[in-house]
Structures are given as C-alpha cells and as structure tokens.
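Results of the structural survey
Here is what each chain is made of, one letter per residue.
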Amino acid sequence: MEYKVTSQDREFMREAIRLANESVRRGGGPFGAVIVKDGQIVAGSYNRVTIDNDPTAHAEVNTIREACRLLHTFDLSGCVVYTSCEPCPMCLGAIYWAHIERIYYGNTRKDARDIDFADDFIYEELDRPMEERTVPIIPLMRDEALESFRLWSEKDDKTEY
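The text that follows walks through the structure, step by step, so that each part is easy to find.

Reading guide: rules and limits
- Residues numbered from 1 in each chain as written.
- Predicted model: local features only at pLDDT ≥ 70, side-chain atom pairs only at ≥ 80, totals over all residues.
- Heavy atoms only, no water.
- Pairing = 2+ DSSP bridges.
- Helix = DSSP H or I, 4+ residues; strand = E, 2+ residues; numbered from the N terminus.
- Axes fitted to C-alpha atoms, helices over the stretch in contact; angles between N-to-C directions.
- Salt bridge = Lys/Arg side-chain N within 4 Å of Asp/Glu carboxyl O.
- Parallel < 35°, antiparallel > 145°, perpendicular 65-115°, else oblique.
- Left-handed = near helix turned anticlockwise from the far one by under 90°.
- Contact = heavy atoms within 4.5 Å.
- Polar contact = N/O pair within 3.5 Å; in protein donor to acceptor, adjacent residues only side chain to side chain.
- Buried < 20%, exposed > 50% of the residue type's maximum accessible area, 1.4 Å probe, protein only.
- Core = buried A, V, L, I, M, F, W, Y, C linked by side-chain atoms within 4.5 Å.

Describing the sheet that holds strand β2 (residues 40–46)
Strand order in the open sheet formed by 4 strands is β2-β1-β3-β4, with mixed pairing between adjacent strands. The open sheet terminates on both sides in strands that have one partner only, identified here as β2 and β4 (102–107). Strand-to-strand, the axes of this sheet are offset by a mean angle of 15°, without reference to chain direction. Here 5 bridges tie strand β3 (residues 79–85) to β4, and the two strands are oriented parallel to one another. Bridge pairing in β4 places Thr83 opposite Tyr105.

Spelled out as structure tokens, the structure:
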C-alpha cells in the first residue's frame, strides 16, 4: 500500500526532528518522536538514555509511554508515529505492541550505524541462529515457567493485549 505524504506529515516529522535536535543539546542521543491521533500531536519526546541512565529511554519508547499515560490506554490503535530515525528493534517491537498503525521515519538505521549507533547490529543479531548470537540465550526451567502460562490461560477475567 502506498501512502501519500502530506504537508501535515512533514510538520509532524519536523517536530520529531526538532525534538532530536533538542535531545542533543540536552546531552541525549540524536533521536526524537511524536505520536499523532486524529491529526493532533498527543505526545512527543526524545532520547534520554544518557540523561536518565536508562538504556530503554529511546525517543519512541518515551513517546509511547507518554501517549499511553495521557490517553489512559495501552492500545494506541488509530495513532501514527513520526520518528527522526528508523526505529531500532526494541522501539519497533514497542510500536507493534502498542498497535500504532503507521511509522514515518527520517534517518535510516544505516545512517545511525554511520554515527556509531548499534541499531543495525541488533537487526543483524536477530537474523542469526540463537547459538551464534553474541549474547548467549540459554533455556532454563521451562517446565516450572509454564505454570504462569497455564494460570493465564485459565483466567477468565484477564485483560488481553
């Protein structure tokens, strides 16, 4: 499916880029994002990894958290994200989990790699078999861990997501 980029889309991307620039000025990484619903910016944030000493404080994750808080929901269906850079695997996962319907991005993951950000490395890692990845992934105690899955499956009043 092809999407027509509008002048409003460009304005939302400019805000994401402005936030990325602000992040650099404040000591964060060069990434910014906004989430839009019904043609209005709901939330916007920037990378705060080094500011907050939190490796998960990426612009997209921060913006998703803020949008969810403001909209009182964990489901951002009907929302669009504008991000100054192609999302890393963590952020892409968060975008999918939040049910955001579309992603617009500025810089590519290759552009990020060119300034020494490891996003592209993680994409490459995910393509490798588990036994060849840099960080060992070791199964342990599955038989006991399955108990929580059993409990979830049997729960009648669960909130599915």
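Right, picking up where we left off after that structure.
Some points on the pattern of salt bridges
Under the definition given, this model contains 15 salt bridges. Of the charged contacts in the structure, one is a salt bridge between Glu66 and Arg69, with a shortest N-O distance of 2.8 Å. In this pair, Glu66 and Arg69 both sit in helix α3 (residues 59–71), 3 residues apart, roughly one turn of the helix. Residues Asp120 and Arg113 are paired through a salt bridge, measuring 3.1 Å at the closest nitrogen-oxygen approach.

Focus on the packing of α3 against helix α4 (residues 89–97)
The interhelical angle for the contact between α3 and α4, taken along N-to-C directions, is 25°, at an axis separation of 8 Å. Taken together, the axes of α3 and α4 are roughly parallel relative to one another. By crossing handedness, the relation of α3 to α4 is classed as left-handed. Packed against α3, whose contacting residues are Glu60, Val61 and Ile64, the element α4 presents Met90, Cys91, Ala94 and Ile95 at the interface.

A look at the environment of Arg65
Within the secondary structure, Arg65 is located in helix α3. Linking Arg65 and Ala94, residues 29 residues apart in sequence, is a C-alpha distance of 9.8 Å. Other than its neighbours up to four places away in sequence, Arg65 contacts Asp54 and Thr56.

Notes on the side chain of Asn47
Considering the arrangement of structural elements, one finds Asn47 in the loop between β2 and α2 (49–52). Among the polar contacts made by the side chain of Asn47, one reaches the main-chain amide nitrogen of Val49 at a distance of 3.1 Å. Those residues within four positions of Asn47 in sequence are excluded, and the remaining contacts are Ser23, Gly28, Gly29, Phe31, Ala57, His58 and Ala59.

Observations regarding the environment of Thr50
Topologically, Thr50 is positioned in helix α2. Classification of Thr50 as exposed rests on a relative accessible area of 51%. Among all residues touching Thr50, those that are not within four sequence positions of it are Gly27 and Gly28. One polar contact links the side chain of Thr50 to the main-chain carbonyl oxygen of Gly27, over a distance of 2.7 Å.

Considerations on the nonpolar core
Core analysis: the biggest nonpolar cluster contains 17 residues, and Ile35, Ile64, Ala67, Leu76, Val81 and Ile100 have the highest contact counts within it. Elements with a minimum of two residues in this core: β1 (32–37), β2, α3 and β3. The element that contributes the greatest number of residues to this core is α3, accounting for 4 residues. When near neighbours in sequence (up to four residues on either side) are disregarded, Leu76 contacts Ile35, Ile64, Ala67, Cys68, Leu71, Ala98, His99 and Ile100. Membership of the second largest hydrophobic core comes to 10 residues, among which are Phe12, Met13, Val34 and Tyr46.

In short, the description is geometric, and any link to function would need to be established separately.
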